[in-house]
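Structural overview
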Amino acid sequence: MAANATATGATSEETRRVAIALFEAMEDIPAMDALIAPDATIWALGDGYFDRADFLAIHKPYMDRPEPVARRTKLHGLVVDGERAAIEMEWEISWPDVTYHQFYHHVLIVRDGLIRSMRLYQDPVMGAKLFS
């Protein structure tokens, strides 16, 4: 078995690539959606489990907004071990009526180049400010 490979064959390099792609697509919901396997398990703090099919619908309030007036993203940390990644990110985006500033911690399981499991930890109060 290759170094850093799990029994399913996922390597740390593959997992790192997918985790970085998720971070880089933070403002591109369809691109994020494309990284998620059709049968993925998704859980979010404050929302519980939801289907991948709901991923775009949940983000519709963001996608329907006009172009932001300011934005900033920062990758705070990424730890990868085989098919598992823990990624810490920050996102601040502003429109004339609201500023969304969120810290995320996502735990991912990656197989065959797609996210098979994603657990999302963020401030649900801040999330409701933009997505409710």
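Here's what I pulled together on the structure shown here. (Residues numbered from 1 in each chain as written. Predicted model: local features only at pLDDT ≥ 70, side-chain atom pairs only at ≥ 80, totals over all residues. Heavy atoms only, no water.)

In this section: the sheet that holds strand β2 (residues 48-50). Across the sheet, which stays open at both edges, the 6 strands sit in the order β2-β1-β6-β5-β4-β3 with mixed pairing between neighbours. The open sheet is flanked by β2 and β3 (70-81), the only strands paired with a single partner. Averaged over neighbouring strand pairs, the angle between their axes works out to 20° when direction is ignored. Where strand β1 (residues 36-44) lies against strand β6 (residues 114-121), 5 bridges are found, and the strand directions are parallel. By the bridge assignment, Ile36 is partnered in β6 with Ile115. (Pairing = 2+ DSSP bridges. Helix = DSSP H or I, 4+ residues; strand = E, 2+ residues; numbered from the N terminus. Axes fitted to C-alpha atoms, helices over the stretch in contact; angles between N-to-C directions.)

In this section: the environment of Lys129. Here Lys129 is to be found in helix α4 (residues 124-131). C-alpha separation for the pair Lys129 and His101, spaced 28 residues apart in sequence, amounts to 9.9 Å. Excluding residues within four positions of it along the chain, Lys129 makes contact with Val98 and Thr99. (Contact = heavy atoms within 4.5 Å.)

Our focus in this paragraph is the pairing of β1. Summarising the sheet, β1 and β2 pair through 3 bridges and their orientation is antiparallel. Across the sheet, residue Ile42 finds its bridge partner in β2, namely Phe50. Connecting the antiparallel pair β1 and β2 is a turn made up of 3 residues, with Gly46 showing a positive phi of about 90°.

Okay, the environment of His76 next. Tracing the sequence through the fold places His76 in strand β3. Overall, the relative accessible area of 40% leaves His76 in the partly exposed class. C-alpha of His76 to C-alpha of Ile109: the two residues are 33 residues apart in sequence and 19 Å apart in space. Within the structure, the side chain of His76 is placed 2.7 Å from the side chain of Glu90, a separation counted as a polar contact. (Buried < 20%, exposed > 50% of the residue type's maximum accessible area, 1.4 Å probe, protein only. Polar contact = N/O pair within 3.5 Å; in protein donor to acceptor, adjacent residues only side chain to side chain.)

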